[in-house]
Amino acid sequence: MLSFKDFRNGLMVTLWFVFLTFPLLVIKINPIEKSVVWRWHNMLYVACGTFVFYVLSRLYLARKKEQQQKIKTGIVEDKVAWSAKLFSEPKFYIPIAVAGCLFALAFPTLFSTYQVNIMITALMYVVLGLGLNIVVGVAGLLDLGYVAFYAVGAYAYALLNMHFGLGFWTVLPIGGLLGALFGILLGFPVLRLRGDYLAIVTLGFGEIIRLILENWGEFSQGPSGISNIARPGLFGIDLSLEMSINFMYYLTILMVIFTIFVVNRLQDSRIGRAWFALREDEIACQAMGIDKMKTKLTAFALGATWAGMAGVMFAAKTTFVNPASFTFLESAIILCIVVLGGMGSIPGVIVGALVLILLPEYLRAFSDYRMLVFGAILVIMMIFRPQGLISTVRRTYSLKD
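Q: Kindly report on the overall build of the protein, identifying the contributing residues and their values.
A: Each helix and strand counted, the protein has 16 helices and 4 strands in total. For 401 residues, the compact-globule estimate of 2.2 N^0.38 gives 21 Å, and the C-alpha radius of gyration of the protein, at 24 Å, lies within 12% of that figure. Dimensions of the protein, computed from the C-alpha atoms along their principal axes, are close to 80 × 70 × 45 Å. Within the protein, the fraction of its 401 residues that count as buried is 41%. Counted over contacts in the protein with a minimum sequence separation of 6, partners at least 24 positions apart contribute 74%. Here the protein displays about 22,800 Å² of accessible surface, and carbon together with sulfur accounts for 68% of that area. Of the side-chain charges in the protein, 32 are positive and 22 negative, and the distance between the mean point of each set is 7 Å.

Q: Tell me about the nonpolar core, and please be specific about residues and values.
A: Among the nonpolar cores identified, the biggest contains 87 residues, and Tyr249 and Val321 are the most heavily contacted of them. Considering every element that reaches this core, the biggest residue donor is helix H5 (residues 113-138), with 17 residues. Excluding residues that lie within four positions of it along the chain, Val321 makes contacts with Ala154, Tyr155, Ala158, Gly225, Ile226, Ile229, Phe314 and Ala315.

Q: Hey, could you go over the pattern of salt bridges for me, with residue numbers and the actual values?
A: Under the counting rule described, the total for this entry stands at 5 salt bridges. Linking Glu214 and Arg210 is a salt bridge whose minimum nitrogen-to-oxygen distance equals 2.9 Å. With Glu214 and Arg210 both in helix H8 (residues 196-215) and 4 residues apart, this pair spans about one turn of that helix. Salt bridges sharing common partners tie together Glu207, Arg210 and Glu214.

Q: Got a sec to walk through the packing of aromatic side chains? Specific residues and values, please.
A: Taken as a whole and judged by the stated rule, the model has 20 aromatic pairs. Cluster of aromatic residues (ring-pair linked, three or more members): Phe103, Phe107, Phe111, Tyr249 and Tyr250.

Q: Residues and numbers for helix H15 (residues 346-362), please.
A: In a regular helix each residue adds 1.5 Å, so 17 residues correspond to 24 Å; H15 covers 24 Å between its end C-alpha atoms and thus fits that length. One side-chain oxygen of the residue at the start of H15 lies 3.1 Å from the amide nitrogen of Gly348, identifying that residue as Ser345.

Q: An account of the packing of H5 against H15 is requested, with residue identities and associated values reported.
A: Interhelical geometry of H5 versus H15 gives an angle of 140° and a closest axis separation of 8 Å. The two elements H5 and H15 meet at a crossing, and its hand is right-handed. Across from Tyr114, Gln115, Ile118, Met119, Thr121, Ala122, Tyr125, Val126, Gly129, Leu130 and Asn133 in H5, the residues of H15 making contact are Ile346, Val349, Ile350, Ala353, Leu354, Ile357, Leu358, Glu361 and Tyr362. Taken together, the residues that form the contact of H5 with H15 break down as 15 nonpolar, 4 polar and 1 charged.

What counts, and where the lines are drawn
- All residue numbers refer to position in the chain's written sequence, counted from 1.
- Given that this is a predicted model, residues contribute local features only at a pLDDT of at least 70 and side-chain atom pairs are listed and counted only at 80 or more, while totals for whole chains, interfaces and linings are drawn from all residues.
- Excluding hydrogens and water, the side-chain figures rest on all heavy atoms present in the structure.
- Strands are runs of DSSP state E lasting at least two residues, helices are runs of H or I lasting at least four, and both sets are numbered from the N terminus onward.
- It is over C-alpha atoms that the radius of gyration is taken, and the globule rule equals 2.2 Å times the number of residues to the power 0.38.
- The cut-offs for exposure are 20% and 50% of the maximum accessible area for each residue type, with area from a 1.4 Å probe on protein chains only; residues under the lower value are buried, those over the upper are exposed, and the others partly exposed.
- Throughout, a contact is declared for two residues whenever any of their heavy atoms are within 4.5 Å.
- Note on areas: Shrake-Rupley with a 1.4 Å probe; residue coverage comes only from the protein chains shown.
- Asp and Glu are treated as the negative residues and Lys and Arg as the positive ones, with His and the ends of the chain left uncounted.
- Throughout, a charge is located at the NZ atom of Lys, the CZ atom of Arg, the CG atom of Asp or the CD atom of Glu.
- Take the buried residues of types Ala, Val, Leu, Ile, Met, Phe, Trp, Tyr and Cys, join any two whose side-chain atoms come within 4.5 Å, and each joined set is a nonpolar core.
- Throughout this description, the term salt bridge denotes a Lys or Arg side-chain nitrogen within 4 Å of a carboxyl oxygen of Asp or Glu.
- Stacked, tilted and edge-to-face are the three classes assigned to paired rings of Phe, Tyr and Trp, where Trp is represented by its six-membered ring and a pair needs centres within 6.5 Å; plane angles under 30 degrees give stacked, over 60 edge-to-face, the rest tilted.
- By definition here, a helix of n residues has an expected span of 1.5 Å times n minus one.
- Under the rule applied, a polar contact is a pair of N or O atoms within 3.5 Å (in protein, one hydrogen donor and one hydrogen acceptor; residues adjacent in sequence only if both atoms are side-chain atoms).
- For helices, the fitted line uses only the C-alpha atoms of the stretch in contact; every axis is such a line through C-alpha atoms, and the angle between N-to-C directions lies from 0 to 180 degrees.
- A crossing counts as left-handed when the near helix is turned anticlockwise from the far one by less than a right angle, and as right-handed when that turn is clockwise.
- Here the nonpolar group is Ala, Val, Leu, Ile, Met, Phe, Trp, Tyr, Cys and Pro; Asp, Glu, Lys and Arg are the charged ones; every other residue, Gly included, is treated as polar.

Structure, rendered in C-alpha coordinates:
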(Lines give C-alpha, C1' and ligand atoms only; values in the text may rest on other atoms or scores of the structure.)
Protein backbone atom coordinates (compact mmCIF):
# COMPACT_ATOMS: atom_id res chain seq x y z
CA MET A 1 0.00 0.00 0.00
CA LEU A 2 1.08 3.57 -0.68
CA SER A 3 1.47 6.07 2.12
CA PHE A 4 0.54 9.75 2.26
CA LYS A 5 4.22 10.56 1.68
CA ASP A 6 4.16 8.68 -1.65
CA PHE A 7 1.16 10.68 -2.89
CA ARG A 8 2.80 13.93 -1.75
CA ASN A 9 5.99 13.02 -3.61
CA GLY A 10 3.88 12.14 -6.64
CA LEU A 11 2.31 15.62 -6.62
CA MET A 12 5.75 17.24 -6.31
CA VAL A 13 7.12 15.17 -9.23
CA THR A 14 4.06 16.05 -11.30
CA LEU A 15 4.44 19.79 -10.66
CA TRP A 16 8.15 19.64 -11.48
CA PHE A 17 7.57 17.72 -14.73
CA VAL A 18 4.79 20.12 -15.77
CA PHE A 19 7.19 23.02 -15.12
CA LEU A 20 9.91 21.42 -17.27
CA THR A 21 7.61 20.60 -20.21
CA PHE A 22 5.57 23.84 -20.05
CA PRO A 23 7.56 25.80 -22.70
CA LEU A 24 7.54 22.87 -25.12
CA LEU A 25 4.02 21.48 -24.79
CA VAL A 26 1.91 24.46 -23.71
CA ILE A 27 3.37 27.49 -25.50
CA LYS A 28 3.23 27.56 -29.30
CA ILE A 29 4.56 30.62 -31.10
CA ASN A 30 3.49 31.42 -34.64
CA PRO A 31 6.24 33.68 -36.07
CA ILE A 32 4.30 34.38 -39.28
CA GLU A 33 1.16 35.69 -37.60
CA LYS A 34 3.18 36.90 -34.58
CA SER A 35 0.82 35.22 -32.16
CA VAL A 36 1.04 32.88 -29.16
CA VAL A 37 -1.26 29.89 -28.74
CA TRP A 38 -1.74 28.56 -25.19
CA ARG A 39 -2.46 24.83 -25.20
CA TRP A 40 -3.59 24.34 -21.60
CA HIS A 41 -5.09 20.93 -22.35
CA ASN A 42 -1.57 19.57 -22.95
CA MET A 43 -0.57 20.63 -19.43
CA LEU A 44 -3.57 18.72 -18.04
CA TYR A 45 -2.62 15.59 -19.99
CA VAL A 46 0.99 15.79 -18.79
CA ALA A 47 -0.05 16.30 -15.16
CA CYS A 48 -2.53 13.42 -15.12
CA GLY A 49 -0.20 11.07 -17.01
CA THR A 50 2.80 11.86 -14.78
CA PHE A 51 0.86 11.37 -11.53
CA VAL A 52 -0.71 8.08 -12.66
CA PHE A 53 2.63 6.79 -13.89
CA TYR A 54 4.33 7.73 -10.60
CA VAL A 55 1.68 5.93 -8.53
CA LEU A 56 1.82 2.80 -10.72
CA SER A 57 5.62 2.75 -10.65
CA ARG A 58 5.65 3.02 -6.83
CA LEU A 59 3.19 0.14 -6.59
CA TYR A 60 5.31 -1.96 -8.94
CA LEU A 61 8.56 -1.24 -7.10
CA ALA A 62 6.96 -1.91 -3.71
CA ARG A 63 5.65 -5.26 -4.93
CA LYS A 64 9.05 -6.11 -6.42
CA LYS A 65 10.79 -5.27 -3.13
CA GLU A 66 8.33 -7.43 -1.21
CA GLN A 67 8.95 -10.33 -3.62
CA GLN A 68 12.72 -10.02 -3.19
CA GLN A 69 12.30 -10.03 0.59
CA LYS A 70 10.28 -13.26 0.39
CA ILE A 71 13.00 -14.83 -1.77
CA LYS A 72 15.69 -13.88 0.77
CA THR A 73 13.73 -15.35 3.67
CA GLY A 74 12.99 -18.53 1.71
CA ILE A 75 9.21 -18.11 1.60
CA VAL A 76 9.22 -18.05 -2.21
CA GLU A 77 11.70 -19.75 -4.54
CA ASP A 78 13.68 -17.57 -6.93
CA LYS A 79 12.44 -18.06 -10.49
CA VAL A 80 14.82 -18.26 -13.42
CA ALA A 81 14.67 -15.06 -15.50
CA TRP A 82 12.95 -15.41 -18.86
CA SER A 83 16.01 -14.01 -20.62
CA ALA A 84 18.24 -16.63 -19.00
CA LYS A 85 15.91 -19.42 -20.09
CA LEU A 86 15.47 -17.95 -23.57
CA PHE A 87 19.18 -17.71 -24.39
CA SER A 88 20.46 -20.76 -22.52
CA GLU A 89 18.21 -23.49 -23.90
CA PRO A 90 18.74 -24.52 -27.56
CA LYS A 91 15.03 -25.23 -28.11
CA PHE A 92 14.38 -21.50 -27.61
CA TYR A 93 17.36 -19.63 -29.03
CA ILE A 94 17.93 -21.76 -32.17
CA PRO A 95 14.46 -21.01 -33.71
CA ILE A 96 14.86 -17.33 -32.78
CA ALA A 97 18.31 -17.20 -34.45
CA VAL A 98 17.03 -18.95 -37.60
CA ALA A 99 14.01 -16.64 -37.85
CA GLY A 100 16.23 -13.58 -37.31
CA CYS A 101 18.67 -14.68 -40.03
CA LEU A 102 15.86 -15.32 -42.53
CA PHE A 103 14.31 -11.93 -41.81
CA ALA A 104 17.70 -10.21 -42.12
CA LEU A 105 18.37 -11.89 -45.49
CA ALA A 106 14.95 -10.88 -46.85
CA PHE A 107 15.02 -7.34 -45.42
CA PRO A 108 16.22 -5.50 -48.58
CA THR A 109 13.47 -7.16 -50.66
CA LEU A 110 10.75 -6.31 -48.14
CA PHE A 111 11.60 -2.67 -47.42
CA SER A 112 12.75 0.45 -49.24
CA THR A 113 16.33 1.60 -49.77
CA TYR A 114 15.81 4.25 -47.06
CA GLN A 115 14.90 1.54 -44.52
CA VAL A 116 17.91 -0.54 -45.58
CA ASN A 117 20.18 2.47 -45.05
CA ILE A 118 18.81 2.96 -41.52
CA MET A 119 19.30 -0.73 -40.77
CA ILE A 120 22.93 -0.56 -41.93
CA THR A 121 23.52 2.23 -39.40
CA ALA A 122 21.81 0.23 -36.65
CA LEU A 123 23.94 -2.84 -37.43
CA MET A 124 27.12 -0.74 -37.29
CA TYR A 125 26.09 0.37 -33.81
CA VAL A 126 25.59 -3.29 -32.92
CA VAL A 127 29.27 -3.88 -33.78
CA LEU A 128 30.31 -0.77 -31.81
CA GLY A 129 28.16 -1.80 -28.85
CA LEU A 130 29.64 -5.31 -28.79
CA GLY A 131 33.15 -3.83 -28.93
CA LEU A 132 32.50 -1.43 -26.05
CA ASN A 133 30.77 -4.24 -24.16
CA ILE A 134 34.18 -5.94 -23.87
CA VAL A 135 35.62 -2.89 -22.11
CA VAL A 136 32.63 -1.71 -20.04
CA GLY A 137 30.32 -4.69 -19.67
CA VAL A 138 32.85 -7.53 -19.30
CA ALA A 139 36.02 -5.90 -17.94
CA GLY A 140 34.21 -3.15 -15.99
CA LEU A 141 36.36 -0.28 -17.33
CA LEU A 142 34.30 2.89 -17.91
CA ASP A 143 35.37 4.24 -21.31
CA LEU A 144 33.86 7.58 -22.42
CA GLY A 145 36.22 8.10 -25.36
CA TYR A 146 35.35 5.04 -27.41
CA VAL A 147 34.43 7.19 -30.41
CA ALA A 148 38.15 8.01 -30.82
CA PHE A 149 38.86 4.48 -32.10
CA TYR A 150 35.83 4.77 -34.40
CA ALA A 151 37.35 7.96 -35.84
CA VAL A 152 40.76 6.29 -36.25
CA GLY A 153 39.24 3.55 -38.42
CA ALA A 154 37.18 5.97 -40.52
CA TYR A 155 40.08 8.35 -41.18
CA ALA A 156 42.46 5.45 -41.82
CA TYR A 157 40.31 4.35 -44.76
CA ALA A 158 39.66 7.91 -45.95
CA LEU A 159 43.35 8.92 -45.95
CA LEU A 160 44.75 5.65 -47.31
CA ASN A 161 42.17 5.67 -50.08
CA MET A 162 42.83 9.32 -50.94
CA HIS A 163 46.65 9.22 -50.91
CA PHE A 164 47.48 5.63 -51.85
CA GLY A 165 44.29 4.38 -53.55
CA LEU A 166 43.90 1.44 -51.14
CA GLY A 167 40.52 -0.29 -51.29
CA PHE A 168 38.04 -1.26 -48.62
CA TRP A 169 39.15 -4.88 -48.25
CA THR A 170 42.78 -3.89 -47.80
CA VAL A 171 42.09 -1.18 -45.20
CA LEU A 172 39.50 -3.13 -43.15
CA PRO A 173 42.13 -5.19 -41.22
CA ILE A 174 44.45 -2.16 -41.12
CA GLY A 175 41.67 -0.15 -39.45
CA GLY A 176 41.24 -2.89 -36.84
CA LEU A 177 45.00 -3.02 -36.16
CA LEU A 178 45.23 0.77 -35.83
CA GLY A 179 42.25 0.72 -33.44
CA ALA A 180 44.03 -1.93 -31.33
CA LEU A 181 47.25 0.13 -31.36
CA PHE A 182 45.45 3.25 -30.16
CA GLY A 183 43.63 1.14 -27.56
CA ILE A 184 47.00 0.05 -26.15
CA LEU A 185 48.26 3.67 -26.24
CA LEU A 186 45.21 4.68 -24.19
CA GLY A 187 45.54 1.68 -21.88
CA PHE A 188 49.09 2.34 -20.68
CA PRO A 189 48.44 5.75 -18.99
CA VAL A 190 45.25 4.54 -17.26
CA LEU A 191 46.49 1.23 -15.81
CA ARG A 192 46.32 2.57 -12.26
CA LEU A 193 43.03 4.42 -12.71
CA ARG A 194 39.46 3.22 -12.23
CA GLY A 195 35.98 4.60 -11.77
CA ASP A 196 35.44 8.33 -12.35
CA TYR A 197 39.16 9.02 -12.92
CA LEU A 198 39.31 6.46 -15.71
CA ALA A 199 36.17 7.95 -17.30
CA ILE A 200 37.66 11.48 -17.27
CA VAL A 201 40.94 10.36 -18.89
CA THR A 202 39.19 8.37 -21.63
CA LEU A 203 36.85 11.31 -22.27
CA GLY A 204 39.89 13.56 -22.69
CA PHE A 205 41.49 11.05 -25.07
CA GLY A 206 38.38 11.08 -27.28
CA GLU A 207 38.35 14.88 -27.39
CA ILE A 208 42.09 15.02 -28.18
CA ILE A 209 41.62 12.79 -31.24
CA ARG A 210 38.66 14.88 -32.44
CA LEU A 211 40.50 18.19 -31.98
CA ILE A 212 43.57 16.87 -33.83
CA LEU A 213 41.38 15.84 -36.76
CA GLU A 214 39.62 19.20 -36.71
CA ASN A 215 42.68 21.47 -36.45
CA TRP A 216 45.42 19.59 -38.33
CA GLY A 217 44.20 20.60 -41.77
CA GLU A 218 47.28 19.43 -43.68
CA PHE A 219 46.74 15.89 -42.40
CA SER A 220 42.96 15.43 -42.13
CA GLN A 221 41.54 18.27 -44.31
CA GLY A 222 40.22 19.88 -41.12
CA PRO A 223 36.50 20.60 -40.63
CA SER A 224 35.90 20.23 -44.38
CA GLY A 225 36.44 16.49 -44.12
CA ILE A 226 37.31 14.01 -46.85
CA SER A 227 34.82 13.14 -49.59
CA ASN A 228 34.58 10.74 -52.54
CA ILE A 229 35.69 7.73 -50.50
CA ALA A 230 35.38 4.52 -52.49
CA ARG A 231 32.58 2.10 -51.66
CA PRO A 232 33.35 -1.62 -51.15
CA GLY A 233 33.89 -3.48 -54.41
CA LEU A 234 32.68 -6.92 -55.47
CA PHE A 235 35.20 -8.62 -57.78
CA GLY A 236 35.47 -5.49 -59.93
CA ILE A 237 31.74 -5.43 -60.79
CA ASP A 238 30.20 -1.99 -61.34
CA LEU A 239 27.35 -1.65 -58.83
CA SER A 240 24.50 0.83 -59.02
CA LEU A 241 23.67 2.92 -55.93
CA GLU A 242 20.87 0.58 -54.83
CA MET A 243 22.98 -2.54 -55.43
CA SER A 244 25.86 -0.94 -53.54
CA ILE A 245 23.61 -0.20 -50.55
CA ASN A 246 22.28 -3.77 -50.53
CA PHE A 247 25.83 -5.14 -50.78
CA MET A 248 26.87 -2.91 -47.86
CA TYR A 249 23.89 -4.22 -45.89
CA TYR A 250 24.85 -7.88 -46.34
CA LEU A 251 28.47 -7.03 -45.61
CA THR A 252 27.41 -5.44 -42.32
CA ILE A 253 25.33 -8.52 -41.49
CA LEU A 254 28.43 -10.71 -41.96
CA MET A 255 30.41 -8.31 -39.79
CA VAL A 256 27.81 -8.55 -37.01
CA ILE A 257 27.80 -12.37 -37.15
CA PHE A 258 31.61 -12.46 -37.07
CA THR A 259 31.66 -10.04 -34.11
CA ILE A 260 29.10 -12.07 -32.15
CA PHE A 261 31.08 -15.27 -32.71
CA VAL A 262 34.43 -13.79 -31.67
CA VAL A 263 33.09 -11.84 -28.66
CA ASN A 264 31.20 -14.90 -27.41
CA ARG A 265 34.34 -17.03 -27.71
CA LEU A 266 36.37 -14.36 -25.93
CA GLN A 267 33.93 -14.25 -23.00
CA ASP A 268 34.15 -18.03 -22.61
CA SER A 269 37.94 -18.07 -22.87
CA ARG A 270 40.57 -17.73 -20.16
CA ILE A 271 41.02 -14.01 -20.83
CA GLY A 272 37.23 -13.56 -20.66
CA ARG A 273 37.16 -15.15 -17.18
CA ALA A 274 39.96 -12.75 -16.19
CA TRP A 275 37.89 -9.78 -17.46
CA PHE A 276 34.91 -10.84 -15.38
CA ALA A 277 37.14 -11.24 -12.33
CA LEU A 278 38.60 -7.77 -12.95
CA ARG A 279 35.09 -6.32 -13.16
CA GLU A 280 33.99 -7.86 -9.86
CA ASP A 281 37.04 -6.95 -7.74
CA GLU A 282 40.43 -5.70 -8.92
CA ILE A 283 42.20 -6.48 -5.66
CA ALA A 284 40.86 -10.03 -5.44
CA CYS A 285 41.63 -10.50 -9.15
CA GLN A 286 45.27 -9.52 -8.59
CA ALA A 287 45.49 -11.66 -5.44
CA MET A 288 44.46 -14.72 -7.49
CA GLY A 289 47.54 -14.25 -9.69
CA ILE A 290 45.90 -12.56 -12.70
CA ASP A 291 48.12 -10.04 -14.49
CA LYS A 292 46.02 -6.89 -14.13
CA MET A 293 48.08 -4.85 -16.60
CA LYS A 294 47.87 -7.46 -19.34
CA THR A 295 44.15 -8.00 -18.73
CA LYS A 296 43.31 -4.28 -18.98
CA LEU A 297 45.44 -3.71 -22.07
CA THR A 298 43.87 -6.71 -23.80
CA ALA A 299 40.38 -5.38 -23.05
CA PHE A 300 41.19 -1.92 -24.43
CA ALA A 301 42.95 -3.33 -27.51
CA LEU A 302 40.27 -5.86 -28.47
CA GLY A 303 37.42 -3.43 -27.78
CA ALA A 304 39.10 -0.78 -29.93
CA THR A 305 39.68 -3.29 -32.75
CA TRP A 306 35.95 -3.52 -33.47
CA ALA A 307 35.59 0.26 -33.33
CA GLY A 308 38.38 0.62 -35.89
CA MET A 309 36.73 -1.84 -38.30
CA ALA A 310 33.33 -0.22 -37.77
CA GLY A 311 34.93 3.14 -38.61
CA VAL A 312 36.19 1.75 -41.93
CA MET A 313 32.67 0.52 -42.71
CA PHE A 314 31.20 3.91 -41.75
CA ALA A 315 33.55 5.74 -44.13
CA ALA A 316 32.70 3.26 -46.92
CA LYS A 317 28.96 3.69 -46.31
CA THR A 318 28.83 7.50 -46.20
CA THR A 319 31.77 8.10 -48.64
CA PHE A 320 32.48 11.20 -46.53
CA VAL A 321 34.01 11.76 -43.08
CA ASN A 322 34.62 14.86 -40.99
CA PRO A 323 35.33 15.47 -37.27
CA ALA A 324 31.68 16.42 -36.56
CA SER A 325 30.73 12.74 -36.89
CA PHE A 326 32.90 11.75 -33.91
CA THR A 327 31.76 13.92 -31.00
CA PHE A 328 31.27 12.87 -27.38
CA LEU A 329 27.57 12.31 -28.13
CA GLU A 330 28.52 9.24 -30.20
CA SER A 331 30.42 7.76 -27.26
CA ALA A 332 27.41 8.46 -25.02
CA ILE A 333 25.04 6.71 -27.45
CA ILE A 334 27.27 3.62 -27.66
CA LEU A 335 27.56 3.53 -23.86
CA CYS A 336 23.76 3.84 -23.57
CA ILE A 337 23.44 0.84 -25.91
CA VAL A 338 25.56 -1.28 -23.55
CA VAL A 339 23.81 -0.11 -20.38
CA LEU A 340 20.29 -0.24 -21.79
CA GLY A 341 20.76 -3.65 -23.41
CA GLY A 342 22.46 -5.22 -20.40
CA MET A 343 26.13 -4.96 -19.45
CA GLY A 344 28.00 -8.09 -20.46
CA SER A 345 25.04 -9.52 -22.39
CA ILE A 346 25.54 -10.08 -26.14
CA PRO A 347 21.80 -10.45 -26.97
CA GLY A 348 21.09 -7.43 -24.76
CA VAL A 349 23.58 -5.22 -26.62
CA ILE A 350 22.10 -6.28 -29.98
CA VAL A 351 18.55 -5.45 -28.86
CA GLY A 352 19.71 -2.23 -27.19
CA ALA A 353 21.43 -1.03 -30.38
CA LEU A 354 18.38 -1.76 -32.52
CA VAL A 355 16.07 0.00 -30.04
CA LEU A 356 18.24 3.09 -29.54
CA ILE A 357 19.02 3.65 -33.22
CA LEU A 358 15.72 2.62 -34.82
CA LEU A 359 13.31 4.05 -32.24
CA PRO A 360 14.03 7.76 -32.96
CA GLU A 361 13.50 7.10 -36.68
CA TYR A 362 10.15 5.40 -36.18
CA LEU A 363 8.99 8.06 -33.71
CA ARG A 364 9.02 10.71 -36.44
CA ALA A 365 5.22 10.50 -36.41
CA PHE A 366 5.41 12.48 -33.14
CA SER A 367 7.23 15.26 -35.00
CA ASP A 368 8.58 17.80 -32.46
CA TYR A 369 7.92 15.52 -29.49
CA ARG A 370 9.75 12.42 -30.71
CA MET A 371 12.95 13.08 -28.70
CA LEU A 372 10.83 13.85 -25.62
CA VAL A 373 9.02 10.51 -26.05
CA PHE A 374 12.34 8.79 -26.69
CA GLY A 375 13.82 10.20 -23.49
CA ALA A 376 10.72 9.22 -21.50
CA ILE A 377 11.00 5.64 -22.78
CA LEU A 378 14.64 5.49 -21.63
CA VAL A 379 13.71 6.82 -18.17
CA ILE A 380 10.91 4.25 -17.85
CA MET A 381 13.33 1.54 -18.92
CA MET A 382 15.86 2.51 -16.27
CA ILE A 383 13.16 2.49 -13.57
CA PHE A 384 11.66 -0.90 -14.35
CA ARG A 385 14.68 -2.72 -15.83
CA PRO A 386 17.85 -1.18 -14.31
CA GLN A 387 19.78 -4.36 -15.18
CA GLY A 388 19.03 -3.84 -18.89
CA LEU A 389 16.63 -5.29 -21.43
CA ILE A 390 18.33 -8.70 -21.39
CA SER A 391 20.56 -8.99 -18.36
CA THR A 392 23.60 -11.25 -18.35
CA VAL A 393 23.33 -14.52 -16.44
CA ARG A 394 25.76 -14.82 -13.57
CA ARG A 395 27.51 -18.17 -13.89
CA THR A 396 27.38 -20.53 -10.95
CA TYR A 397 29.28 -23.76 -10.36
CA SER A 398 28.05 -26.59 -8.15
CA LEU A 399 29.73 -29.78 -7.05
CA LYS A 400 27.77 -32.98 -6.69
CA ASP A 401 28.60 -35.54 -3.97
